[in-house]
Amino acid sequence: MTTTAERIRQIEDELAGLPKGYISKKTIHGKERFYLQWMENGKLKSRYIKAAEYDAVKAQVERRKHLQEELRAINKTSEGVREQNLRRKAARNMLTITGEILSEDVVVAKVKNGEITEYNERLVPLYLKRTKNVERWLASRAIDTHRTNSRLLKKALRLRTTDDAQTALAVNAATVTDRYWFRPEGSTACYEDIRFKENYFDSLALRGDPNGFSHKPSRTPELTNTGSYEKCWRLINGEWWMYKSGSQNEYFSELFVCLLGEKLGLDMAHYEMDDGYIRTKNFTDGTDLSLEPISSLMDDNEDYNDCFTAISSLSPELAEQYLKIVWMDTICYNMDRHTENFGFLRDAKSGEIVSMAPNYDNNIALISRGYPDDVGRKNDGLIRFFKDFLAENTVARQMYRNMELPVITKEVIEQCLEEIPINVNREYILSFILNGQAAVQSLIHSENLVKDQSQSIGLTL
């Protein structure tokens, strides 16, 4: 469910891409001409609208009007007022933020009063390179305040702030999965001083263990452990492991997708059970790599076509890797592939994008929310999304045809099922996966794909 804060941000992001102003009509030499007009720095600006673009510009102007009306209505609600107050407080807090953003011990950006004054284009985080929005970048690194155990964690750490950016800054905005951090003005700290070397609050973050309150406040990666599930980082033999709680069906789905992908030779983050929870090792450990989520480029836009277009602009190799993730998601019914749970691996020293990150976070796939009724995959929502993607993007469709996609067999599925100690309906899983593969392959090689417009609904906002 979208929160008020999330909806406000969605509206603001969409408004940023829509034209400002209104359409005026003028008659010149007996012909009607249309202009987009808006105020900028106290002056009236105007742009001629060509006949071919009139309908699109008109729709955008009307869309902007509807969104502005929705935003005004939200801002009048109690939640909207609260969000405005939090934003004003956050803005005041940002005025005190002056220092440097580093990748390990290399300065990649300088910040004064919450604003970037200069940055290293090659090494700076992709989100900051695109937006220059320091406050939102910091906030994106903070623990999800909606998690029950995050509130317990803040209490144990005597952290009184409700501001996400300030929460992240409590540990220099450092994370386990990348090398970026913030050094305040006047500090002489180096990366070795601030990187996480212990975590006494893992059990409190994972399961609300009351013993966590007995520990003295100390630096913990939990303050920058993002995501909506109760989870924690544990340091085991010098390596960080992510432990995550969930239901048996969620555990099974994560394990099954992981095992299936591994057996097919795909690049997967490895998952296993331990101490009653599912866990995975931080895949940036022991490397010079940093994880950057695709949200750095796409914000909340998880549309297959838009993501593919953005990734293709970086390299065809990355685009092919992304298509394999979409292929696996479709067959294994991952309903929750969003822009925070897939992304890139960047070389921390050169800034180069090395590859897409391994396929991870599949706990909302397959039977995580119960057994879908449509085992035959005839009216499957993800199959439909895949079809629309291929119908819309002929480049992606041709790339799929040229790829050597692995073949899922009955034997491979049965091997996966044998290795997972969780009781499920095996015949159902077997049929569901094989039917999904058949549907996907049929779409890839179809010559008559047409996007299904009937599946769209017209919302009046």
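Everything below is about the structure printed above this text.
Predicted model, so just to flag it, every value in this text is computed and none were measured. (Residues numbered from 1 in each chain as written. Predicted model: local features only at pLDDT ≥ 70, side-chain atom pairs only at ≥ 80, totals over all residues. Heavy atoms only, no water.)

## What about the sheet that holds strand β14 (residues 353-356)?
Keep this limit in mind: One bridge is not enough; two strands pair if DSSP finds at least two bridges between them. Secondary structure is summarised from DSSP: a helix means a run of H or I of at least four residues, a strand means a run of E of at least two, and numbering begins at the N terminus for each. Helix axes are fitted only over the stretch in contact, all axes being lines through C-alpha atoms; the angle between N-to-C directions runs from 0 to 180 degrees. Whether two residues are in contact is decided by their heavy atoms: any pair within 4.5 Å suffices.
Judged by pairing direction, the sheet is antiparallel, and its three strands sit side by side in the order β12-β13-β14 without closing on themselves. Of all the strands in the sheet, just β12 (289-293) and β14 have a single pairing partner and so form its edges. Each strand of the sheet is rotated relative to its neighbour by a mean of 30°, with strand direction disregarded. Pairing analysis gives three bridges linking strand β13 (residues 343-347) to β14, with the strands arranged antiparallel. Paired with Leu345 across the bridge in β14 is Ser355. Sheet strands touched by helix α13 (residues 316-331): β13 and β14. Its angle to β14, the strand with the most contacts, is close to 25°.

## Here we look at the packing of helix α12 (residues 304-312) against α13
As a reminder, the rule being used: Angles below 35 degrees are treated as roughly parallel, those above 145 as roughly antiparallel, those between 65 and 115 as roughly perpendicular, and all remaining angles as oblique.
Between α12 and α13, the least distance of the axes is 8 Å, while the angle of their chain directions is 155°. Taken together, α12 and α13 sit at an angle that is classed as roughly antiparallel. Contact residues: α12 offers Tyr304, Cys307, Phe308, Ile311 and Ser312, while α13 offers Pro316, Leu318, Ala319, Tyr322, Leu323, Val326 and Thr330.

## With respect to the sheet that holds strand β11 (residues 277-281)
Taken in spatial order, the four strands make up an open sheet running β8-β9-β11-β10, and their pairing is antiparallel. A single partner strand is all that each edge strand has here, and the edge strands are β8 (231-236) and β10 (271-274). Each neighbouring strand pair of the sheet contributes to a mean axis angle of 35°, computed without reference to strand direction. Inspection of the sheet shows β8 paired to strand β9 (residues 239-244) by six bridges, in the antiparallel sense. Residue pairing in the sheet places Ile236 in a bridge with Glu239 of β9. Running at roughly 140° to β10, helix α10 (residues 248-263) makes contact with β9, β10 and β11 of the sheet.

## Remarks on the nonpolar core
As a reminder of what qualifies: Working definition of a nonpolar core: buried Ala, Val, Leu, Ile, Met, Phe, Trp, Tyr and Cys residues. They are joined through side-chain atoms within 4.5 Å. Burial classification: accessible surface area is computed with a 1.4 Å probe over protein chains only, and a residue below 20% of its type maximum counts as buried, one above 50% as exposed, and the rest as partly exposed.
If you look at the biggest cluster of nonpolar residues, it comprises 78 residues, and the most contacted ones within it are Phe252, Phe256, Leu260, Trp327, Tyr400, Ile429 and Ile433. Residues in contact with Ile433, not counting those within four places in the same chain, are Phe256, Leu260, Ile331, Cys332, Leu366, Ile408 and Ile413.

## Some words on the pairing of strand β2 (residues 31-40)
Regular strands have side chains that alternate between both faces of the sheet. Both strand β1 (residues 22-28) and β2 contribute to a ladder of seven bridges, which runs antiparallel. By the bridge assignment for β2, Ile23 is matched with Leu36. The antiparallel pairing of β1 with β2 creates a hairpin that spans two residues between the two strands, and His29 there sits at a positive phi of about 55°. Where β2 meets strand β3 (residues 43-49), seven bridges bridge the pair, whose relative direction is antiparallel. In the sheet register, Phe34 faces β3, and the bridge partner there is Ile49. Counting the residues between successive antiparallel strands, the hairpin from β2 to β3 contains two residues, one of them, Asn41, with a positive phi of roughly 55°.

Any functional reading would require information that these geometric values do not contain.
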